[in-house]
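# Observations on chain architecture
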Amino acid sequence: MPAFTATAPGKIILFGEHAVVYGQPAIAVPVRQVQARAVVQALPGEKAGRVHIQAPAIQVDARLEDLPPGHPLPATVSETLKELQIERLPACSIRITSTIPVAAGLGSGAAVSVALIRALSAFLGCPLPDERVSAVAYEIEKLHHGTPSGIDNTVITYARPVYFVRQQTLQTLALPAPFTLVIADTGVPSPTSLAVGDVRRLWQAQRGYYDPLFEAIGGLARAARHALESGQPELLGRLMDANHTLLQQLTVSSPELDRLVSAARKAGASGAKLSGGGRGGNMIALVGADRAPAVSAALLDAGAVRTIITQVAP
Ligand code: MEV
């Protein structure tokens, strides 16, 4: 029996996290060094509907029906079946593995969904097009964190740099030249849902303060698109620094993130900021390719638990 395998990359937000939930533009890129993988294989001789699922990273080794209600894995399976208008899965095993750190702003939840939707729909003989994969993954994102903008499922499904505005047609970015990022993990897990929920409560209590912050972040994302498409890395770095300051004002930075951001700047990064929901998780530094090892070493010295050097290519 053939196995149906699909993978999906991690992602990083370059500009516009949080503000994107409120309709502002944001820029995100795939991170191919880390990925989620789903493998679906028929279990001949077993009763239809019998599904065994393994996801060692989150200690799942169970029958699908035995997972608690609201668990994202059975939800992904049932949303995929709904999309395909298929009532019941043939007996099968599903194995999910991932090298994307969880709760770190790298899109682990969305990548697992995208890989599973693709592998399942291929197993069922109806591979879904990207647009539908992303739409189904968005339904699962809502379970993970209530009011997602949709940027994570979009950049991970299309695996291309995107300029994203909620509820608008996808815009991929034309990059004239590759550039290098160092991504550093504070080691502090921070589920996106908590930071997004906190920001929502702050905004509800004081819209007059937070709306202009979101608008200013959106302005930086627009300027960054221009800087990226016209190949101006120095300007891009300054825009990242400015975005980090606004994210501090949104209360989503942390002492660990601030320490890594300033270590990266001291080591020669042209700009640095937290990335994703914040409060922990990852930060990013824009570097010349030759400075990447030194900036990475400085980040590890300053307490990062892991760094990834990644080239963002057109
Ligand atoms: C999460 O990767 C980015 C946030 O803006 C949330 C979202 O857009 O759904 C914090």
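Keep in mind the model is a prediction, meaning the values are calculated, not measured.

Analysis parameters
- Just so you know, the residues in each chain are numbered from 1, in the order the chain's sequence is written.
- Where totals are concerned, whole chains, interfaces and linings use all residues; where local detail is concerned, this predicted model gives features only for residues with pLDDT of at least 70, and gives and counts side-chain atom pairs only at 80 or more.
- Excluded from the side-chain calculations are hydrogens and water; all other atoms, namely the structure's heavy atoms, are used.
- Helical segments are the DSSP runs of H or I of at least four residues, strand segments are the runs of E of at least two, and each set is numbered from the N terminus.
- Any residue under 20% of the maximum accessible area for its type is buried, any over 50% is exposed, and the rest in between are partly exposed; the area is computed with a 1.4 Å probe on protein chains only.
- A pair of strands counts as paired when DSSP detects no fewer than two bridges linking them.
- Simply put, an axis is a line fit to the C-alpha atoms, just over the touching stretch for a helix, and the angle between two N-to-C directions goes from 0 to 180 degrees.
- Contacts are residue-level and defined by heavy atoms, with any inter-residue pair within 4.5 Å sufficient.
- The arc under discussion is defined with respect to the helix axis, by the directions toward the C-beta atoms.
- Salt-bridge detection follows one rule: a side-chain nitrogen of Lys or Arg within 4 Å of a carboxyl oxygen of Asp or Glu.
- We call a residue near a molecule or strand whenever a single non-hydrogen atom of that residue lies within 4 Å of it.
- Residues adjacent in sequence count toward polar contacts only when both atoms are side-chain atoms; beyond that, a polar contact is any pair of N or O atoms within 3.5 Å, and within protein one must be able to donate a hydrogen and the other to accept it.
- The accessible surface values rely on the Shrake-Rupley method and a 1.4 Å probe; as for residues, cover is taken only from the protein chains in view.
- Each residue gets one of three labels, nonpolar for Ala, Val, Leu, Ile, Met, Phe, Trp, Tyr, Cys and Pro, charged for Asp, Glu, Lys and Arg, and polar for the others, Gly among them.
- Residue ranges assigned to each domain were obtained from an automatic or database domain assignment.
- Throughout, buried area stands for the accessible area (probe radius 1.4 Å) lost by two parts on being put together, summed over both.
- Throughout, disulfides are identified as pairs of cysteine sulfur atoms within 2.5 Å of each other.

Take the environment of Pro-191 next. Checked against the element boundaries, Pro-191 lands in the loop between strand 8 (179-185) and helix 5 (192-205). Classification of Pro-191 as partly exposed rests on a relative accessible area of 36%.

Spatially, 9-10-8-11 is the arrangement adopted by the four strands of the open sheet, whose pairing is antiparallel. Sheet topology places strand 9 (271-275) and strand 11 (306-312) at the edges, where each strand pairs with a single neighbour. The sheet shows a mean angle of 25 degrees between the axes of neighbouring strands, taken without regard to direction. The pairing of strand 8 with strand 10 (residues 282-287) spans six bridges and is classified as antiparallel. Its bridge partner being in strand 10, Thr-180 is matched across the sheet by Val-287. The sheet strands contacting helix 7 (residues 233-249) are strand 8, strand 9 and strand 10, and the helix crosses strand 9 at an angle near 45 degrees.

Every buried residue of helix 9 (residues 292-301) is accounted for by Ala-292, Val-295, Ser-296 and Leu-299. Looking straight down helix 9, one finds that the buried residues subtend no more than 100 degrees of arc, so they occupy a single side. Away from its buried face by more than 90 degrees, helix 9 exposes Pro-293 and Asp-301. Buried residues along helix 9 sit in contact with strand 8, helix 8 (255-266), strand 10 and strand 11.

Turning our eyes to something else, we now look at the pattern of salt bridges. One side chain can pair with another of opposite charge once the charged atoms of both are near each other. Scanning the model with the defined rule gives 13 salt bridges in all. Between Arg-279 and Asp-198 there is a salt bridge, with the nearest N and O atoms lying 2.6 Å from each other. Here Arg-279 is found in the loop between strand 9 and strand 10, whereas its partner Asp-198 is found in helix 5, with 81 residues between them in sequence. Owing to a relative accessible area of 25%, Arg-279 belongs among the partly exposed residues under this scheme. Linking Arg-265 and Asp-241 is a salt bridge whose minimum nitrogen-to-oxygen distance equals 2.8 Å. A residue pair is termed long-range when its members are at least 10 positions apart, and Arg-265 in helix 8 and Asp-241 in helix 7 qualify at 24 residues.

Moving on to the site of the ligand. Around the ligand lies a shell of 14 residues, among which Lys-11, His-18, His-145, Ser-149 and Asp-152 are the nearest. Ser-149 is positioned such that a nitrogen or oxygen atom in its side chain is 2.6 Å from an oxygen atom of the ligand. The protein chains hide 99% of the 300 Å² of surface that the ligand would expose on its own. Elements supplying a minimum of two residues to the shell around the ligand: strand 1 (3-15), helix 4 (151-158) and helix 5. A breakdown of the residues in the shell around the ligand according to their chemical character gives six nonpolar, five polar and three charged. Both domain 1 (4-171) and domain 2 (174-312) contribute no fewer than three residues apiece to the shell around the ligand.

According to the domain assignment, the protein consists of domain 1 (4-171) and domain 2 (174-312). For domain 1 and domain 2, the distance between their C-alpha centroids amounts to 25 Å. Taken together, the contacts link 29 residues of domain 1 with 46 residues of domain 2. In total, about 3,000 Å² of surface goes out of reach between domain 1 and domain 2, with carbon and sulfur atoms giving 67% of it. Area buried by domain 1 at its contact with domain 2 is led by Phe-15, His-18 and Tyr-22, which between them contribute 26% of it. Where domain 1 meets domain 2, there are one salt bridge. When the shortest N-O distance is used, the salt bridge between Lys-273 and Glu-17 registers 2.9 Å. Viewed at the interface, domain 2 and domain 1 are joined by 12 residue pairs in polar contact (both at pLDDT 80 or more).

Mapped onto the fold, Asp-152 is located in helix 4. Look at Asp-152 and you get buried, because its relative accessible area is 14%. Filtering out sequence-adjacent residues up to four positions away, Asp-152 remains in contact with Lys-11, Ile-13, Gly-107, Ala-110 and Glu-141.

A separate point is the state of the cysteines. By definition, a disulfide links the sulfur atoms of two cysteine residues through a covalent bond. Applying the stated criterion across every chain, the model contains zero disulfides. Cys-92 takes part in no disulfide bond, and the closest cysteine sulfur, belonging to Cys-126, lies 14 Å away.

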